[in-house]
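# Fold and geometry: a report
Listed below, chain by chain, are the residues.
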Amino acid sequence: MTLLEQFRLWLGGIWPDWAAYLVPGIVGIVVVLAFVVVLVIVFIWFERRLLGRFQIRLGPNRLGPEGIFQPIATALKILLKEDIVPAKSDKVIHWLAPVIVFVPVLMIFAVVPIGQRAILTDLNVGIVYVVAVSAVSAVGIYMAGWASNNKYALIAALRTVAQMVSYELPVVLAILGVVLMAGSLSMTQIVAAQSIPFLVLQPLGFVIFFLGTVAEMNRSPFDLLEADSEIVAGYHIEYSGMKFAMFYLGEYGHALAYSCIITTLFLAGWQGPFLPPIIWFLIKVFAVFSVIVWMRATLPRLRVDQLMSFAWKGLLPMAIINLFVIAVEMLWLPEINLWILVVTNIVFAGVLVLLWSRLFSLGGGRVEV
Amino acid sequence: MTTALNGEQVARRINKVSPGAVVASDKAAVVVTSESLFKVAEFLKNTPALDFDYLTDLTAVDYTDYFEVVYHLISLKHNHSLVLKTRCHDRDKPVVPSMTGIWRSADFQERETYDLMGIVFDGHPNLKRLLLWEGFDGHPLRRDYL
Amino acid sequence: MVIKTEPFILNIGPQHPSTHGVFRMRVTLDGEVVVDIEPVIGYLHRGIEKMGENRTYTQIIPLTDRLDYLASMTNNFAYVLAVEKLAGIKVPERAEYLRIIMAEAMRISSHLMAVGFFINDLGAMMTPVLYMWREREKLLDLFEMVCGQRLTYNYMRIGGVSQDIPEEFLPALKKFVAEMPGFIDEYDQLLLQNEVLLARTKGVGILPGDTAINTAASGPVLRASGVKWDLRKADPYSIYDRFDFDVPVGTVGDNYDRYWVRMQEMRQSVRILEQAIAQLPGGEVWAKVPQLLHPPVGEVYGHIESPRGELGFFLVSDNSIAPYRFHIRPPTLINLTALKDMVVGWKVADLISTFGSIDVVLGEIDR
């Protein structure tokens, strides 16, 4: 029984049915949107300052105390710019692409549990909904690349399709491991089942899921879709103004959404002693995001064929073996002490990663022309 | 130290292989005719004692009655160097055989010399203007350009 | 059923974040694989060779600054060496040592920039660049102490250098030289075993040794392909024969070797700097040379080892105040001759990183 449903029951006693149905919905949507937009702005600031510290410089610190108004200034600047549409582009698809990229990001937040009963809707197929909705963004990026009538954008669009499709598979298989252990597809049930966070219980699943979502987010080291040293901003090369703002916010929105999903699935969501649940949730989301920014600052970018071989020959077999081992554990040893499971899984993860790093090389070489 | 080979001695060796090739020679350089330039270059590259495998510099100088194309050669193995020159006296259509078959480093330098001086290199695979745009009229580095 | 594909031509145009200047490549791509490449240059052509014929020998020195603007003092150095060879001028000892100090400091600064931007092209988001620029800023402060400029120095003169070093220069230089090996170790720790860097650069863009010699590659590009040829050892100019240093040589000739050779060369430059500081004599810094120099009739080809390769100046003199012919042998233009060999068959991402590893400067290519 989420907070919103409780609110609706209470309103149903006072107001007519249609109002009791409509008002909590609107209130819930507004709260979630506000949460997302504020957090995206904070994420932009956080990343720029943290990236600056990694690069032995200060980040932006002029506007407002410690630069917290910088993202607002950036957003205002982008909004005030002229909206240029290339002459020979496909106008409808060009206009539609940012929408299709941005909206699924907002939709993911409908099933993220922020507190004990604070979730917009408690779907009993929550995680399947998340996977389905997040795959739609790939179509949007491809549309953006195609409709720009620009060869650089086309290269980026084709790379996108390849990358996002191939990284969906290890991600879904890692999720299946979590679902098997939690026993349910609903997000609140998954959080409730984590007396020990699944980070320790399924280290290999966590690693696969983490790398897979970094690839889905198009962030370094997998950011060859917007590799600005090769194809000069990739798929959003011909966008300016509000549409570019939607891509930009969409990228950080993706980062926020996937950080929330990782927190929910592997870090035990809002659970924690002493502090209120929402504070714990935010701490964990920021911790995950810091690791993502750390990866961005340190690693150069992978080439497209190395990326594909990493997904298909590296992550996918490991994800299948991981799923198999978790399924065997759940079938034969459901009542065993969880700490023994932790030790077994960590050892197994270490062995598998070691084996794969010996056998597997980021291949790709010269093609005979 | 890279020893600069004595031009006169090298000229004698060249004359033994292709007589009549050398026009002039002094301590510093050897001047050959443009017809025999290709054979002389092959001789200089392939002879074991000379072994000039590295063409450092290819340029042209416009003395007003003739153009002089200058080649600076180095041998990495023996660490000696030589200056090879050739002259063409025709100002309207100066033609010199291209060295790209022997030393690939002549590629861009010959294009640049064609671009700025107007000397046509016969046998170059892609003799287009390099530094100036296509359609530019004239050859700026000539003494009578401006 | 065979799907019909056709290659398309992409213009990696003059304005691009990774072409290190205004350089244009017309690349024929088959999917992601490079099939053909045609470099188009000339966007920065300023006619320096023609301008040189109308200026006195001393007035050409600021022109040479603007050739390879990332290593300006080496251009000055090469030019004044050529003129001194032509006119038979002897340079005082202190000036020779100061020139070597400046040239080697310039080499370190240029390599820091080259390596930093090479890894930036690989996608590392400016982090290595900013770490290396921390040291480069110290070097630029040193140069500013000496001649007041940070980019185009105009410091060397025919017969010496233009002014002596101030008092605070040597202590600052000694401090820099003491700290620099620690910083190079820090870069190695960050980069040398980086998995993604190794995967992106090992075995990519190979230039075989005999192709390198045939296309007259020079500098780190030649040495990375296994050919041990460094003008400071093979044909020592100035007083390089008094210093003790090694010449790093690569094995395979791929991008990783070119990057490795540059890192090692920085260490060797620090060694030379230590020895030069220890041996620095007193005395004057500029020989007595007439204001309007009339060198004897003749020609000279003076070449030095710049950070990018063999930089040469060909001067023909007819005993007047300006040279009759002034020609520059640009190392990076001739290193680019082999670009097609290195890049065909690889992907777009490798094209950018191979091009970055050759380390071009457009001022030198286009003159």
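From a predicted model like this one, the values you see are computed outputs, not experimental measurements.

## Focus on the overall build of chain A
- A tally of regular secondary structure across chain A gives 14 helices and 0 strands.
- Walking chain A from its N terminus toward its C terminus, one meets helices and strands in the order α-α-α-α-α-α-α-α-α-α-α-α-α-α.
- With the principal axes as the frame, chain A shows a C-alpha extent of 65 × 65 × 40 Å.
- Taken over 369 residues, chain A has a buried fraction of 43%.
- The contacts in chain A between residues at least 6 apart in sequence include a share of 77% that link residues at least 24 apart.

## Quick notes on the overall build of chain C
- A tally of helices and strands in chain C yields 15 helices and 8 strands.
- For 367 residues, the compact-globule estimate of 2.2 N^0.38 gives 21 Å, and chain C sits close to it at 21 Å.
- Considering only C-alpha atoms, chain C reaches an extent of 80 × 45 × 35 Å along its principal axes.
- For chain C, buried positions account for 54% of its 367 residues.
- Residue pairs at least 24 apart in sequence account for 72% of intrachain contacts in chain C once pairs closer than 6 positions are excluded.

## A short note on the interface of chain A and chain C
- Residue-level contacts link 31 residues of chain A with 33 residues of chain C.
- Breaking the side of chain A that touches chain C down by element, the ones donating at least two residues are helix 7 (151-182), helix 12 (277-298) and helix 13 (304-332) of chain A.
- Residue composition of the side of chain A that touches chain C, grouped by class: 15 nonpolar, 6 polar and 10 charged.

## Considering the packing of helix 11 (residues 255-279) of chain C against helix 14 (residues 348-358) of chain C
All names here are of chain C.
- Two numbers describe how helix 11 lies on helix 14: the axes approach to 9 Å, and their chain directions differ by 30 degrees. When the axes of helix 11 and helix 14 are compared, the pair comes out roughly parallel. Considering only the axes of helix 11 and helix 14, their crossing is left-handed. Contacts from Asn255, Arg258 and Tyr259 of helix 11 reach helix 14 at Ser353, Thr354 and Ser357.
- Here the residues of the contact of helix 11 with helix 14 are counted per class, giving 1 nonpolar, 4 polar and 1 charged.

## Thoughts on the environment of Leu63 of chain A
Residue and element names in this part refer to chain A.
- Locating Leu63 in the fold gives a position in the loop between helix 2 (17-54) and helix 3 (70-79).
- The class for Leu63 is partly exposed, based on 15 C-beta atoms found within 10 Å.
- Along the sequence, Leu63 and Val42 sit 21 residues apart, while their C-alpha atoms lie 14 Å from each other.
- When neighbours within four sequence positions are excluded, Leu63 is seen to be in contact with Phe69, Gln70 and Ala73.

## Quick look at the packing of helix 13 of chain A against helix 14 (residues 338-359) of chain A
Residues and elements named next belong to chain A.
- Where helix 13 contacts helix 14, the two axes come as close as 11 Å, and the packing angle between them is 155 degrees. One finds that helix 13 runs roughly antiparallel with respect to helix 14. Remark: the crossing between helix 13 and helix 14 carries right-handed chirality. Contacts between helix 13 and helix 14 involve Gly314, Met318, Ile321, Val325 and Glu329 on the former and, on the latter, Leu341, Phe348, Leu352 and Trp356.
- Class assignment for the residues of the contact of helix 13 with helix 14 results in 7 nonpolar, 1 polar and 1 charged.

## Structural notes on the pairing of strand 5 (residues 66-75) of chain B
Residue and element names in this part refer to chain B.
- Counting buried residues in strand 5 gives 8 out of 10 residues, a clear majority hidden from the surface.
- As defined by bridge partners, strand 4 (residues 54-63) adjoins strand 5 across 9 bridges and the pair is classed as antiparallel. Bridge pairing links Val61 to Glu68 in strand 5.
- As consecutive antiparallel partners, strand 4 and strand 5 are separated by 2 residues.
- Two strands pair when backbone bridges link them, and strand 5 and strand 6 (residues 80-88) are joined in this way by 9 bridges, in the antiparallel orientation. Opposite Tyr71, over in strand 6, you have Leu84 as the bridge partner.
- Two successive antiparallel strands, strand 5 and strand 6, enclose a turn made up of 4 residues, where Asn79 displays a positive phi of approximately 55 degrees.

## Looking at the sheet that holds strand 7 (residues 309-317) of chain C
All names here are of chain C.
- A sheet is described by the order of its strands in space; here 3 strands give the open sequence 6-7-8, paired in antiparallel fashion. Both outer strands of the open sheet, strand 6 (298-306) and strand 8 (325-329), are each paired with one neighbouring strand and no more. Taking each pair of neighbouring strands and ignoring which way they run, the sheet shows an average axis angle of 10 degrees.
- Where strand 6 meets strand 7, 9 bridges bridge the pair, whose relative direction is antiparallel. Bridging from a neighbouring strand, Gly298 pairs with Ser317 of strand 7.
- Running at roughly 150 degrees to strand 6, helix 3 (residues 72-87) makes contact with strand 6 and strand 7 of the sheet.

## A few points about the interface of chain B and chain C
- Of the residues lining the interface, 23 residues belong to chain B; the matching set on chain C comes to 27 residues.
- If you list the elements that add at least two residues to the side of chain B that touches chain C, you get strand 4 and helix 3 (106-117) of chain B.
- Examining the composition of the side of chain B that touches chain C, we find that 6 residues originate from one element, strand 4 of chain B, more than from any other.
- The class makeup of the residues in the side of chain B that touches chain C is 13 nonpolar, 6 polar and 4 charged.

## Some details on the sheet that holds strand 2 (residues 24-30) of chain C
All names here are of chain C.
- The strand order 1-2-3 describes an open sheet built from 3 strands, whose pairing is antiparallel. Of all the strands in the sheet, the pair left with one neighbour each is strand 1 (8-12) and strand 3 (33-40). Geometrically, the sheet is characterised by an average inter-axis angle of 25 degrees between neighbouring strands, direction not taken into account.
- Summarising the sheet, strand 1 and strand 2 pair through 5 bridges and their orientation is antiparallel. Its bridge partner lying in strand 2, Ile9 is registered against Thr28.

## Let's talk about the arrangement of the chains
- The protein chains that touch form 2 pairs of chains, and the pair with the most contacts between them is chains A and C.
- Note that chain A does not reach chain B: the shortest distance linking a C-alpha of one to a C-alpha of the other is 20 Å.

## Thoughts on unusual backbone geometry
All names here are of chain A.
- The phi angle at Glu66 is positive, at roughly 60 degrees, despite the residue not being glycine.
- By the secondary structure assignment, Glu66 is in the loop between helix 2 and helix 3.
- The partly exposed category is assigned to Glu66, around which 14 C-beta atoms lie within 10 Å.

Parameters at a glance
- Residue positions are counted from 1 within each chain, in the order its sequence is given.
- Lettering of chains starts at A and numbering of ligands starts at 1, both following the order in which they are written.
- This being a predicted model, a pLDDT of at least 70 is required before a residue's local features are given, and a value of 80 or more before pairs of side-chain atoms are given or counted; all residues contribute to the totals for chains, interfaces and linings.
- In this text, helices come from DSSP runs of H or I with a minimum length of four residues, and strands from runs of E with a minimum of two, each type numbered from the N-terminal end.
- Working definition of burial: number of other C-beta atoms within 10 Å of the residue's own, with buried at 20 or more, exposed at 12 or fewer, and partly exposed in between, all C-beta atoms being placed from the backbone.
- Any two residues are considered in contact once their C-beta atoms, placed from the backbone, lie within 7 Å.
- Within these notes, the globule rule equals 2.2 Å times the number of residues to the 0.38 power, and the radius of gyration is based on C-alpha atoms.
- Think of it as three bins: nonpolar holds Ala, Val, Leu, Ile, Met, Phe, Trp, Tyr, Cys and Pro, charged holds Asp, Glu, Lys and Arg, and polar takes everything else, Gly as well.
- The convention used is that axes are lines fitted to C-alpha atoms, helices contributing only their stretch in contact, and that angles between N-to-C directions extend from 0 to 180 degrees.
- Comment on the angle field: the value is read as roughly parallel under 35 degrees, roughly antiparallel over 145, roughly perpendicular from 65 to 115, and oblique elsewhere.
- For any pair of crossing helices, the crossing counts as left-handed if the nearer helix is rotated counterclockwise from the farther one by less than a right angle, and right-handed if it is rotated clockwise.
- Strand pairing is defined by DSSP finding a minimum of two bridges between the two strands.

None of this, on its own, says anything about what the molecule does.
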